[in-house]
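# Fold and geometry: a report
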Amino acid sequence: MLRVVEQAAFTDTGRQRRANEDAMLARAPLYAVADGMGGAKAGEIASRTAIDILGLGVEDGIVKARLVELVRRANRAVHEAQLADADLSGMGTTTTVAHVGDEALTVAHVGDSRAYLLRDGSLRRLTDDHSLVEEMRRSGRLTAEEAANHPQRSIITRALGPDPVVEVDVREFALQAGDVVLLCSDGLTSMIPESRITELLKESSRLDTAGRALIAAANAAGGRDNITVVLLRIGGIDDEDPTVAGAPADADEQATQVGLAATGASVPDLDTAATVAGSGSAGTIDAHEVRAAAEAAGPVTQPLAARDPRPGRRKQRSRRRSRAFAATIAVVITLGIVAFAGWAATRVTYFVGSSQGFVAIYQGVPYDLPFGVRLYKPIYRSGVPTSSLSASERERLYDHQLRSGQDSQDLIKAVEREELR
Ligand code: MG
């Protein structure tokens, strides 16, 4: 009979992000990492929500057969949270969760956070990333080296949150005493190669030393993203248990925020600032039109409330009422058409903007409707800070021109390769 005899868990903001949107869980027999995404605080809330639900699995006495059900429950929680709050709209999170049983490890995952197994000095990846680039590599359209350096490697194809139901990959692996399991977010694997991860794991006899070394190596390589590592060692039932008994529940033991030295304040950030720009091109809508329609309804409906004491004016009043009713109906229909056109436009158009100080691709159109309805959401955030752009680059990138998905990706690729100049 096997069990976890040592564990360590660390999460770090990295060197370029301002906030840590990763979350983790290290409570035997469940271990997990989640890497959240979304504007403002949404990414943090998404990953935290998922981890909180996974934590309930420990309290419920989770069995491996119910691991997928638990991940689906986490998905529903993130999905419902983003439906309930417009500020959280479009948020999502990866999750990779491992259950340590008496003889087997069960791994369930969605997204590009990974699980690895170190046995006899060699590292084996236990998960297939649900990412655009990894899918292209698996189908033979990219080599492993091209995939590792691809600028779009952080675009994921599956996440908890966007849809009410999610497909979860689950696999089981036989365990042996001495195995080391690593769960990590892409902030580790996008910064250092697997060969380096193997070396660092082999160099340290203790997992907390190994965990700190992995975080330090990812930061030394640039630390472009949040970095999370969860490590556990498998042993026999009689082995010493120095860390597990007194281990923190899901400790954010280390959260060193290095942050950005400066961000470009002159460019409005769409996550926090409402932006109404320009006139809408064909197929899009203009927020000004909506306001004009609403204003037109104002003066017409107001006289209905005022009482007119003179009897000779009754017919006039009745005609006015009919006109007001017709105008109200017209406004309602116009708003309906505008809303539908807006919804349709947000499905097929993209633009480039700034998200949390970084160059990003937004899906939708760069307008806000009244009552805080946004017609856009960030779908990809690059590692390029707005503050690193020249004035002419900012002007060119943040022109809010509507683009196709491919066009936006090509433009971001050029920025990431510093080819824009
Ligand atoms: Mg990440």
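All of the points below concern the structure found in this document. (Residues numbered from 1 in each chain as written. Predicted model: local features only at pLDDT ≥ 70, side-chain atom pairs only at ≥ 80, totals over all residues. Heavy atoms only, no water.)

## Concerning the overall build of the protein
The helix and strand tally for the protein stands at 11 helices and 14 strands. The buried share of the protein, reckoned over its 421 residues, is 50%. Contacts spanning at least 24 positions in sequence make up 71% of the contacts within the protein whose residues lie at least 6 apart. Working note: accessible area of the protein is about 19900 Å², and carbon and sulfur atoms make up 52% of it. (Helix = DSSP H or I, 4+ residues; strand = E, 2+ residues; numbered from the N terminus. Buried < 20%, exposed > 50% of the residue type's maximum accessible area, 1.4 Å probe, protein only. Contact = heavy atoms within 4.5 Å. Areas by Shrake-Rupley, 256 points an atom, 1.4 Å probe, with all protein chains shown as cover.)

## With respect to the coordination of the magnesium ion
Binding of the magnesium ion to the protein goes through Asp35 (OD), Asp186 (OD) and Asp225 (OD), at separations of 2.0 to 2.2 Å. Each donor residue of the magnesium ion belongs to the same chain, and together they define the spacing D-x150-D-x38-D. Of the two residues, Asp35 sits in strand S3 (residues 30–37) while Asp225 sits in the loop between helix H7 (207–220) and strand S11 (227–236), which places them 190 residues apart along the sequence. Taken individually, Asp35 and Asp225 each receive the classification buried, so the pair is uniform in this respect. (Donors = N, O, S within 2.8 Å, 3.2 Å for Na, K, Ca; no water.)

## Concerning the side chain of Thr95
In this structure, Thr95 sits in strand S5 (residues 95–100). Engagement of the side chain of Thr95 in a polar contact is seen with the backbone oxygen of Val33, the distance being 3.2 Å. Here Thr95 is in contact with Val33, Ala34, Leu54, Val71, Ala108, His109, Val110 and Leu160, once residues within four sequence places are set aside. (Polar contact = N/O pair within 3.5 Å; in protein donor to acceptor, adjacent residues only side chain to side chain.)

## Points about the sheet that holds strand S7 (residues 114–119)
Read from one edge of the open sheet, 5 strands run S1-S11-S10-S7-S8, paired in antiparallel fashion. The sheet is open, and its two borders are formed by strand S1 (2–12) and strand S8 (122–125), each paired with just one other strand. Between one strand and the next, the sheet's axes are offset by a mean angle of 20°, whatever the strand orientation. As paired elements, S7 and S8 share 4 bridges and run antiparallel to each other. In the strand pairing of S8, Arg119 is matched with Ser122. (Pairing = 2+ DSSP bridges. Axes fitted to C-alpha atoms, helices over the stretch in contact; angles between N-to-C directions.)

## Things to note about the pattern of salt bridges
Scanning the entire structure with this criterion turns up 17 salt bridges. The salt bridge involving Glu134 is made with Arg138; its shortest N-O contact spans 4.0 Å. Here the residue Glu134 and the residue Arg138 both occupy positions in helix H3 (residues 132–138), the gap between them amounting to 4 residues, near one helical turn. Overlapping salt bridges, with partners in common, bring together Arg114, Arg125, Asp129, Glu134, Arg137, Arg138 and Glu194 in one network. (Salt bridge = Lys/Arg side-chain N within 4 Å of Asp/Glu carboxyl O.)

## With respect to the packing of helix H1 (residues 42–59) against helix H2 (residues 67–84)
Across the interface, H1 lies against H2 with an axial gap of 9 Å and an inter-helix angle of 145°. As H1 packs across H2, the resulting crossing turns out to be right-handed. Where H1 approaches H2, its residues Ala46, Thr49, Ala50, Ile53, Leu54, Leu56 and Gly57 are matched on the opposing element by Leu70, Val71, Arg73, Ala74, Ala77 and Val78. Split by residue class, the contact of H1 with H2 holds 10 nonpolar, 2 polar and 1 charged. (Left-handed = near helix turned anticlockwise from the far one by under 90°. Nonpolar A, V, L, I, M, F, W, Y, C, P; charged D, E, K, R; others polar.)

## Remarks on a nonpolar patch on the surface
On the surface, Phe325, Ile329, Ile333 and Ile337 cluster together into a nonpolar patch covering about 420 Å² of accessible area. Looking at where Ile337 falls in the secondary structure, it is placed in helix H9 (residues 314–348). (Patch = residues over 30% accessible without salt bridge, like charges linked within 9 Å, V, L, I, M, F, W, Y side chains within 5 Å.)

## With respect to the side chain of Ser185
Examined against the element boundaries, Ser185 turns out to sit in the loop between strand S10 (180–184) and helix H5 (186–189). Residue classification places Ser185 among the buried positions, given a relative accessible area of 1%. Of note is the side chain of Ser185, whose polar atom sits 2.8 Å from the side chain of Asp22.

## Let's talk about the environment of Leu200
With respect to the secondary-structure elements, Leu200 resides in helix H6 (residues 194–203). C-alpha separation for the pair Leu200 and Ala217, spaced 17 residues apart in sequence, amounts to 8.9 Å. Apart from the residues within four sequence positions on either side, Leu200 is in contact with Ile192, Ala210, Ala213, Leu214 and Ala217.

## Overview of the nonpolar core
The nonpolar side chains of a soluble globular protein tend to be buried, and buried together. Of all hydrophobic cores here, the largest spans 28 residues; its most connected members are Leu30, Ile51, Leu54, Val71, Val97, Leu160 and Val168. Of all the elements in the fold, those that place two or more residues in this core are strand S2 (22–27), S3, H1, H2 and strand S6 (104–110). Grouped together as the second largest cluster of nonpolar side chains are 22 residues, Phe10, Ile192, Ile197 and Ala210 included. (Core = buried A, V, L, I, M, F, W, Y, C linked by side-chain atoms within 4.5 Å.)

Purely geometric stuff here, so don't read any function into it on its own.
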